[in-house]
Amino acid sequence: MADAVLKNKATDYSTQQQFDDLEATTKKYRELLATSNTGAWEYFPASGFLDCNSIYFSMLGRNINDYDFSDKNLNEAWTDLLHPDDKAAAMRHFMDYVENPNGMYESVFRMKHASGNWVWICSRGGFLKAGDTSNAGSLIGTHIDITEQKQAQEEIQRERVLLRTLIDNLPGTIYIKDEKARKIIANKADVTTIGANSEAEVIGKTDLELFPNGIGLRGYQNDMEVLQSGEAILNKEEVFYDNNGQQCWLSTSKVPVYDENGKVNRILGIGHNITERKRSEEALNNLNKELNHQSAELSKQAKELKTLNKQLIQQKEQELEKAIAQGKFEIASEVLHDIGNALVGFGSYLTRINRTIENNNLEGIRNLATFLKGQQTLIGNAIGADKANALVTITDGIAKTQGDNQKEVSASIAELLNIVSHIQEILNIQRQLVRSHNGLHERKPVNLANIIDDCRSMLFAAFDKKGVKLSVNIKPGSHIIKGDHTKLMQVILNVLKNSLEAIDFESPDKYITVSLGSADEFIQLQIIDNGQGFDKETSRRFFERGYTTKKKGTGLGLYNCRSIVESHAGSFDISSDGAGRGAVTTIKFALQNS
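Residues numbered from 1 in each chain as written. Predicted model: local features only at pLDDT ≥ 70, side-chain atom pairs only at ≥ 80, totals over all residues. Heavy atoms only, no water.

### A word on the packing of aromatic side chains
Thinking step 1. In total, this model carries 10 aromatic pairs according to the counting rule given.
Thinking step 2. Taking 5.2 Å as the distance between ring centres and 55° as the angle between the ring planes, the aromatic pair formed by Trp-78 and Phe-94 counts as tilted. With a gap of 16 residues between them, Trp-78 in the loop between helix H3 (74-77) and helix H4 (84-99) and Phe-94 in helix H4 connect regions that are remote in the sequence.
Thinking step 3. A residue is classified by how much of its surface remains accessible, and Trp-78, at 5% relative accessible area, is buried.
Thinking step 4. You can call Phe-94 buried: its relative accessible area is 4%. (Phe/Tyr/Trp six-rings, centres within 6.5 Å; stacked < 30°, edge-to-face > 60°. Helix = DSSP H or I, 4+ residues; strand = E, 2+ residues; numbered from the N terminus. Buried < 20%, exposed > 50% of the residue type's maximum accessible area, 1.4 Å probe, protein only.)

### Notes on H4
Thinking step 1. For H4, built from 16 residues, the straight-helix expectation of 22 Å at 1.5 Å per residue is met to within 8% by its first-to-last C-alpha distance of 24 Å.
Thinking step 2. Those residues of H4 that fall on the buried side of the exposure criterion are Asp-86, Ala-90, Phe-94, Tyr-97 and Val-98. Projected down its long axis, H4 shows its buried positions confined to an angular sector of 100°, all on one face. Counted as exposed and oriented over 90 degrees from the buried face of H4: Ala-88, Arg-92 and Glu-99. (Expected span 1.5 Å × (residues − 1). Arc of directions from axis to C-beta.)

### Description of the confidence of the model for the protein chain
Thinking step 1. On average, the protein chain scores 79 in pLDDT, and the residues at 70 or more come to 78%.
Thinking step 2. The secondary structure element of the protein chain with the lowest average pLDDT is helix H1 (residues 2-35), at 51, and the one with the highest is strand E3 (residues 105-112), at 95.
Thinking step 3. Here residues 131-135 is modelled with pLDDT under 50, and outside its nearest four sequence neighbours on either side it reaches two contacts, counting other chains as well.
Thinking step 4. Predicted confidence is poor over residues 437-441, with pLDDT under 50, and the contacts of this stretch with residues over four places away or in other chains come to 12 contacts. (pLDDT = per-residue confidence, 0-100. Contact = heavy atoms within 4.5 Å.)

### Details of the sheet that holds strand E6 (residues 173-177)
Pairing between the strands of a sheet is mediated by backbone hydrogen bonds and can be parallel or antiparallel.
Thinking step 1. As summarised here, the arrangement of the five strands in space is E7-E6-E10-E9-E8, forming an open sheet in which the pairing is antiparallel. Lying at the two open borders of the sheet, with one neighbouring strand each, are strand E7 (183-186) and strand E8 (233-241). Shown here is a sheet whose adjacent strand axes are inclined to one another by a mean of 25°, direction ignored.
Thinking step 2. With seven bridges joining them, E8 and strand E9 (residues 247-258) adopt antiparallel strand pairing. Considered in E9, the bridge of Lys-236 is made with Thr-252.
Thinking step 3. On the sheet, helix H8 (residues 213-229) packs against E6, E8, E9 and strand E10 (264-273) and is oriented at approximately 165° with respect to E8. (Pairing = 2+ DSSP bridges. Axes fitted to C-alpha atoms, helices over the stretch in contact; angles between N-to-C directions.)

Structure follows, in structure tokens:
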């Protein structure tokens, strides 16, 4: 009996000790939950009662004392506080676990804060049996406020969506590869460039698998180079072929991405399709070659024209001298005919050059240069500032070269037109004289006064157009010499035209004075102008063959004039008091007996 009593006392002591230990452990867990700001709950399925600590409610801005903890309070303490969009799924998940409590219970949902906001809650728990031989028991668990975490996740997700939308709508190719050079991300442009139908077709594949022949090997080797060396490859121009087999160009940059340990574990790739730019560069190069070829052809034609011009001048001089010396009308007619044919030839050459100039799209090149300058900043953003600057420089150079060539050809054409005009004047004079003198150009008495009148008539329109006053003073006396009427008229016309060209068009006072008189043993003709004049150095070189002060002169006019005058036993001289002070041309002929 005593033993039984002692045994019962021992049992009571053991039970009390377990109870005390449980109380101490529970107290520690409650303090731990309070310290960690974690809500705690316990649900008893048999009674429908939900027991919660104060933190469970305080994280919702609520007070535990405002709630009734009688039986079946699940709706008031939990269900009624759930977000409408989360309520059905959260309750179903909870009840499924109550009926089949395997493993751990975990659920995420929103509960209403007293302020009206919604708080994201992560609820975790498990089933706790009352004893080893009883199925009765409860579910215990915790509530943790994960609102900030969910908001951060949602923000990250929004940013990922925006970033993915951005890279998928960029015209350039963008992709990411793993440490084995396999693609793990590829935007739409990259998928299209590869020739695939979707991103799924390229994920997990290297360039060896995506591109045929040497293109794939080249790309894979570049990838491994970046992964192994950690050095980026920037703006590398690469050739590839599209689905139609057309050759295309891509400017590729591959940048290493490092993990938290400083090891390269990713490659970020960006590519820009530069096919149009490369084709434009090729077109520009071809255009430059074609323009250079045209320039060389034009220069060649200009040289041929100059050579032909010299030949024609020599031919004119030789044929005319021969005709005058022989005094035969038929020969003179032949010369006039030949010169007329030569002028037709000149016209053909000029027409050919004008056609070439018209085909030379200089204005288009200049417009292109202006456009590239205006768009240089945008082009620089696309292909790089250096390349954009080089493109502008090349285009400006082409425009300048073609402009210079065109100026040179235009100058040659103007020179030839002057020569043609001069030849036509001589032809008109000779035709008039041939008709009036039956084609005979013998040296016979010539009245210089009559020649002056004829020259004034021929140049009247030119003097009137430029507003130059021409005064003619012919003194009484004999003005007749034996000579070649045609050549003497050529001399006086040449001198008058030189004086006319030397006068400033804008000058308010413009005049040329012609005086003719005889004294002692010679006849003197003077032509005075108030043109630009010249210095002494220039006057010493006037009669050198080929020397000229005109931009488009041949240097033959004064040389020939002096030769003609000296062939008539005369003298020819030009003088000036200096630049801007006009010029005086003096021609003297010896008086001859009638």
